[in-house]
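# An overview of the molecular structure
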Amino acid sequence: METVIQDLLAGEYRKPIRVVAFNTAESWSQDVSEDIAREIQRRCNLHLSDVPSYLQELVDRYSPQDLQQFSLRLV
């Protein structure tokens, strides 16, 4: 999953809809979109940066609102 997250953040994929993990050795697949979206949001929060625009829809769809970072206006 780490490689996928790094590739997404590096802009290797544009506007992903879903992320699915496959294990052909064990014959299963699993939608990991929520896990990926949460981790992208977490990393952006840690770096005090916005989620890249090309990933925003994925994060909005799958990441809980309580993890999303909101900007504060300085007065």
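Refer to the structure presented above.
As the structure is a computational prediction, the values presented were derived from the model and not from experiment. (Residues numbered from 1 in each chain as written. Predicted model: local features only at pLDDT ≥ 70, side-chain atom pairs only at ≥ 80, totals over all residues. Heavy atoms only, no water.)

A word on the pairing of strand β2 (residues 28-31). Pairing analysis gives four bridges linking strand β1 (residues 20-23) to β2, with the strands arranged antiparallel. Residue pairing for β2: Ala21 is matched across the bridge by Gln30. The antiparallel hairpin formed by β1 and β2 contains four residues in its connecting segment, where Ser27 sits at a positive phi of about 60°. (Pairing = 2+ DSSP bridges. Helix = DSSP H or I, 4+ residues; strand = E, 2+ residues; numbered from the N terminus.)

Let us look at the nonpolar core. Core analysis: the largest hydrophobic core is formed by 14 residues, its most contacted members being Leu8, Ile36, Ile40, Val51 and Leu55. Counting only elements with at least two residues in this core, the list comes to α1 (2-9), α2 (33-46) and α3 (56-62). If we ignore the near neighbours within four places in the chain, the residues touching Ile40 are Ile5, Leu8, Leu9, Val51, Leu55, Leu58 and Val59. (Core = buried A, V, L, I, M, F, W, Y, C linked by side-chain atoms within 4.5 Å. Buried < 20%, exposed > 50% of the residue type's maximum accessible area, 1.4 Å probe, protein only. Contact = heavy atoms within 4.5 Å.)

On to α2. In this model, α2 (14 residues) spans 20 Å end to end at C-alpha, consistent with the 20 Å of a helix rising 1.5 Å per residue. Considered for burial, the residues of α2 that qualify are Ser33, Ile36, Ala37, Glu39, Ile40, Gln41, Arg43 and Cys44. Where α2 is buried, its residues contact α1, β2 and α3. At the C-terminal side of α2, Leu48 shows a positive phi close to 50°. (Expected span 1.5 Å × (residues − 1).)

Another aspect to go through is the pattern of salt bridges. On inspection of all chains with the given rule, the structure shows six salt bridges. Linking Glu2 and Arg43 is a salt bridge whose minimum nitrogen-to-oxygen distance equals 2.6 Å. Of this pair, Glu2 sits in helix α1 while Arg43 sits in helix α2, and the two are 41 residues apart along the sequence. Classification of Glu2 as partly exposed rests on a relative accessible area of 38%. A salt bridge links Glu57 to Lys15, with the shortest nitrogen-to-oxygen separation between them at 4.0 Å. Taken as a pair, Glu57 in helix α3 and Lys15 in the loop between α1 and β1 lie far apart in primary sequence, 42 residues in all. The class for Lys15 is exposed, based on a relative accessible area of 55%. (Salt bridge = Lys/Arg side-chain N within 4 Å of Asp/Glu carboxyl O.)

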